[in-house]
Amino acid sequence: VKNSMQSYDYPLELEHQIISALTACNAEAAITSMRQVFRQNDGVVGEMRQYLMMDLAGTIIKAASVVGNPTLAADIRLADISAGGDEPQLEAHAKEFCERLAAERQDTTQHKRLIKKVREYVDAEYANPDLNVSRIGEQFSMTPAYLSSLFRDETGLSLLGYINTCRVKQAK
């Protein structure tokens, strides 16, 4: 195309704004910054437009890396974007990223509260000879395996190990 731009403008400052907005779960701010990039590159078409779209998709992937969870951007298919992905598609990815990150953070907070309650329960009941992982699972309406897994993920200790540690401390 005769007057099409042969390059695009995607300032590092805007990329940082988008990453910051995404990692703060602020989809609206991320999309606003993305739209600013689109406006700045309104005349970019063809292959250069595809490169720009891939750069923006890469920014979402970088944000996933920043928060330590690459799976948050797992739905982004660079092949689809390079084959004609459009602005609404990238905006949808940004919104979905923020929703997933917010849900993940909420789950983490809930797990921390649960594990705190489990520790308090064990601290209060460790002297009961019938206290075991199964009984604690029943107390918290969870399977013993799942509760043990959450406990280990949160504390780095096995639940049974924690019970035994409490008992040994008391015996000393």
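Residues numbered from 1 in each chain as written. Predicted model: local features only at pLDDT ≥ 70, side-chain atom pairs only at ≥ 80, totals over all residues. Heavy atoms only, no water.

## Let's talk about the confidence of the model for the protein
Where the model shows low pLDDT, its predicted coordinates should not be examined in detail.
Step number 1: Of the residues in the protein, 92% reach a pLDDT of 70 or more, and the chain-wide mean stands at 88.
Step number 2: Here helix α4 (residues 78-82) stands out as the element of the protein with the lowest mean pLDDT, 63, in contrast to helix α1 (residues 12-23), whose mean of 95 is the highest. (pLDDT = per-residue confidence, 0-100. Helix = DSSP H or I, 4+ residues; strand = E, 2+ residues; numbered from the N terminus.)

## Considering the nonpolar core
Side chains that are nonpolar tend, in soluble globular proteins, to be buried together.
Step number 1: The biggest cluster of nonpolar side chains holds 27 residues, and the ones touching the most others in it are Leu 22, Met 34, Leu 56, Ile 60, Leu 90 and Phe 97.
Step number 2: Within the residue set of this core, elements represented by two or more residues are α1, α2 (27-40), α3 (46-66) and α5 (87-125).
Step number 3: In contact with Met 34, not counting residues within four places along its chain, are Ile 18, Leu 56, Ile 60, Leu 90, Glu 91 and Ala 94.
Step number 4: The next biggest cluster of nonpolar side chains, apart from the first, holds 18 residues, and it includes Leu 114, Ile 136, Leu 150 and Cys 166. (Core = buried A, V, L, I, M, F, W, Y, C linked by side-chain atoms within 4.5 Å. Buried < 20%, exposed > 50% of the residue type's maximum accessible area, 1.4 Å probe, protein only. Contact = heavy atoms within 4.5 Å.)

## Here we look at the packing of α1 against α3
Step number 1: Two elements in contact, α1 and α3, have axes whose closest approach is 9 Å; the angle formed by their N-to-C orientations is 50°. In terms of orientation, α1 lies oblique with respect to α3. Along this stretch, α1 crosses α3, giving a crossing that reads as right-handed. Every residue of α3 that contacts α1 at Glu 15, Ile 18, Ile 19, Leu 22 and Thr 23 is listed here: Leu 56, Thr 59, Ile 60, Lys 62, Ala 63 and Val 66.
Step number 2: Class assignment for the residues of the contact of α1 with α3 results in 7 nonpolar, 2 polar and 2 charged. (Axes fitted to C-alpha atoms, helices over the stretch in contact; angles between N-to-C directions. Parallel < 35°, antiparallel > 145°, perpendicular 65-115°, else oblique. Left-handed = near helix turned anticlockwise from the far one by under 90°. Nonpolar A, V, L, I, M, F, W, Y, C, P; charged D, E, K, R; others polar.)

## Thoughts on α2
Step number 1: Relative to the 20 Å expected for 14 residues at 1.5 Å per residue, α2 spans 20 Å between its end C-alpha atoms, a close match to the ideal helical length.
Step number 2: Those residues of α2 lying buried are Ala 27, Ala 30, Ile 31, Ser 33, Met 34, Val 37 and Phe 38. Summarising the axial view, the buried residues of α2 lie within an arc of 160°, below the 170-degree limit, and thus occupy one face. Exposed and oriented more than 90 degrees from the buried face of α2 are Glu 28 and Arg 39.
Step number 3: On its buried face, α2 sits against α1, α3 and α5. (Expected span 1.5 Å × (residues − 1). Arc of directions from axis to C-beta.)

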